[in-house]
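Structure assessment
For reference, the chains in residue letters:
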Amino acid sequence: MRSIEFMQRAIELSNLSVASGKGGPFGCVIVKDGKIIGEGHNQVTSSNDPTAHAEVVAIRNACQHLNSFQLDGCEVYTSCEPCPMCLGALYWARPSKIYYANTRVDAAAIGFDDSMIYEEIAVQPEERKIPMIPLGREEAILAFREWKNKTDKIEY
């Protein structure tokens, strides 16, 4: 398959999501060595899971297929520019490339406006729209110290 065919599959998944009523109009496929190894469509409303975006579903599917927590050597084809959550998940998964069709401006025009989240990232935690209050650091830092000193950890 060629890149455009992978994108067409992602777009097909976005249309299936709309037709099935399972979530918003978003689809994603993940490809390795010219083969689809993971795919997903938005399932937020059908699964009652705000993280069930097409990219997250596809990442989970592909990582399970690879038996790995990273997408080394993989390409992502998504029907829309990833939202901040999906972009973060994709950076953690470390694919080699991301292709997208619709833009975040296109998404905002139909009610999926993530601009507030992009803006909030730059705001100090205590000044964000959802209050973020430090609590329990003295105890929590102990796990960080243990992790730092752990010699048999699997880094990611």
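Notes on the structure in this doc start here. For clarity, every value in this text was computed on a predicted model and none was experimentally measured. (Residues numbered from 1 in each chain as written. Predicted model: local features only at pLDDT ≥ 70, side-chain atom pairs only at ≥ 80, totals over all residues. Heavy atoms only, no water.)

1. Things to note about the overall build of the protein
To be explicit about the condition: Numbering of helices and strands starts at the N terminus; helices are DSSP runs of H or I of at least 4 residues and strands are runs of E of at least 2. The cut-offs for exposure are 20% and 50% of the maximum accessible area for each residue type, with area from a 1.4 Å probe on protein chains only; residues under the lower value are buried, those over the upper are exposed, and the others partly exposed.
Across its full length, the protein holds 7 helices and 4 strands. In sequence order, the secondary structure elements of the protein are arranged as α-β-β-α-α-β-α-β-α-α-α. Projected onto its principal axes, the C-alpha positions of the protein cover 50 × 40 × 25 Å. When burial is assessed residue by residue, the protein has 31% of its 156 residues classed as buried.

2. Side note on the environment of M116
Positionally, M116 belongs in helix α6 (residues 115-121). It is 9.4 Å that separates the C-alpha atoms of M116 and K129, two residues lying 13 residues apart in sequence.

3. Focus: the nonpolar core
Convention followed: Side-chain atoms within 4.5 Å are what join buried Ala, Val, Leu, Ile, Met, Phe, Trp, Tyr and Cys residues into a set we call a nonpolar core. Residue contacts are defined here by distance: any two heavy atoms, one from each residue, within 4.5 Å place the two residues in contact.
With 16 residues, the main nonpolar core has C28, I30, I59 and L71 as its most contacted residues. Looking at this core, the element that brings in the most residues is helix α3 (residues 54-66), giving 5 residues. Non-local contacts of I59, meaning those with residues more than four positions away in its chain, are made with I30, L71, A89, L90 and A93. Residues M7, A10, V31 and Y77 belong to the second largest nonpolar core, which totals 7 residues.

4. Re helix α1 (residues 3-20)
Going by this rule: To estimate the expected span of a helix, subtract one from its residue number and multiply by 1.5 Å. Directions pointing from the helix axis toward each C-beta atom define the arc.
Between the first and last C-alpha of α1 there are 26 Å, a value that for 18 residues agrees with the 26 Å anticipated at 1.5 Å per step. Every buried residue of α1 is accounted for by F6, M7, R9, A10, L13, S14 and S17. Each buried residue of α1 lies within a common arc of 155 degrees when the element is viewed along its axis, so the set occupies one face. Residues of α1 that are buried sit in contact with β1 (27-32), β2 (35-41), β3 (74-80) and β4 (97-102).

In short, the description is geometric, and any link to function would need to be established separately.
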